[in-house]
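Here is what each chain is made of, one letter per residue.
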Amino acid sequence: VFLGWGKQYGLLYLGGEMFGGYAGAEAKQTVAGGKHTISKDWGYGGALRVGTPVFDDGLVYMKGGYQAARFGLDSNRPSDTPASTIKDKAWTHGPMVGAGFDYLVGENWFVRADAGYAWYSALKYTDSAGGTGKLNPNDINVRLGVGYKF
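All of the points below concern the structure found in this document. (Residues numbered from 1 in each chain as written. Predicted model: local features only at pLDDT ≥ 70, side-chain atom pairs only at ≥ 80, totals over all residues. Heavy atoms only, no water.)

1. Description of the overall build of the chain
- The helix and strand inventory of the chain stands at zero helices and nine strands.
- N-terminal to C-terminal, the α/β element order of the chain is β-β-β-β-β-β-β-β-β.
- Across its three principal directions, the C-alpha atoms of the chain cover 65 × 20 × 20 Å.
- Long-range pairs, those at least 24 residues apart, make up 56% of the contacts in the chain with a sequence separation of at least 6.
- Per element, the accessible surface of the chain, about 9300 Å² overall, is 61% carbon and sulfur. (Helix = DSSP H or I, 4+ residues; strand = E, 2+ residues; numbered from the N terminus. Contact = heavy atoms within 4.5 Å. Areas by Shrake-Rupley, 256 points an atom, 1.4 Å probe, with all protein chains shown as cover.)

Take a look at the structure:
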């Protein structure tokens, strides 16, 4: 879901947007003595957009902003001595950049395709055996959508 605003000044478009949504993404990794599962569910953020009109009804833009997401870590290493486990979720945040394309398909309706990359702050954790570590997540988002201009 996104909510944005903007204005065109000749061949220059300036705008901003706020966005949020659910990802439901998960990655599994086998490690010595067990496995890790890293997940991402909810996220939100905001960005400034700078672009230029293309074709008759298109807009190509770049954006930069700040994004937050909730990541989870589920780790089970029964072969460790002592055995270690962790199951935790935490919010992290960081800068993001991206680019996209909007195309007007009706009087107020448009379609959008965009991609973004975010660098999140480190997630530090302590497992059940007292071991500590950190994850340095990053994120690539590719989105397709439909919007309405008020």
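2. Here's the deal with the nonpolar core
- Judged by nonpolar contacts, Phe-19, Ala-47, Ala-69, Phe-71, Met-96, Ala-118, Tyr-120 and Leu-123 together constitute the single largest core of eight residues.
- Setting aside chain neighbours within four positions, we find Met-96 in contact with Ala-47, Lys-63, Gly-64, Gly-65, Tyr-66, Gln-67, Tyr-117 and Ala-118. (Core = buried A, V, L, I, M, F, W, Y, C linked by side-chain atoms within 4.5 Å. Buried < 20%, exposed > 50% of the residue type's maximum accessible area, 1.4 Å probe, protein only.)

3. Observations concerning the environment of Tyr-125
- Mapped onto the elements of the fold, Tyr-125 is located in strand β7 (residues 123–126).
- In sequence terms Tyr-125 and Leu-73 are 52 residues apart; their C-alpha atoms lie 9.0 Å from each other.
- If sequence neighbours within four positions are ignored, Tyr-125 has contacts with Leu-73, Ile-86, Gly-131, Thr-132, Gly-133, Lys-134 and Leu-135.

4. With respect to the pairing of strand β4 (residues 58–77)
- Of the pairings in the sheet, the one linking strand β3 (residues 34–54) to β4 comprises 18 bridges and is antiparallel in character. In the strand pairing of β4, Ser-39 is matched with Gly-72.
- The hairpin turn running from β3 into β4, its antiparallel successor, is three residues long, and Phe-55 in that turn takes a positive phi close to 55 degrees.
- Where β4 and strand β5 (residues 84–104) come together, 20 bridges link them in antiparallel fashion. (Pairing = 2+ DSSP bridges.)

5. Observations concerning the environment of Asp-139
- Residue placement: Asp-139 occurs in strand β9 (residues 138–148).
- Looking at Asp-139, its side chain comes within polar contact range of the side chain of Lys-40, at 2.4 Å.
- A polar contact is formed between the side chain of Asp-139 and the side chain of Tyr-120, at a distance of 3.2 Å. (Polar contact = N/O pair within 3.5 Å; in protein donor to acceptor, adjacent residues only side chain to side chain.)

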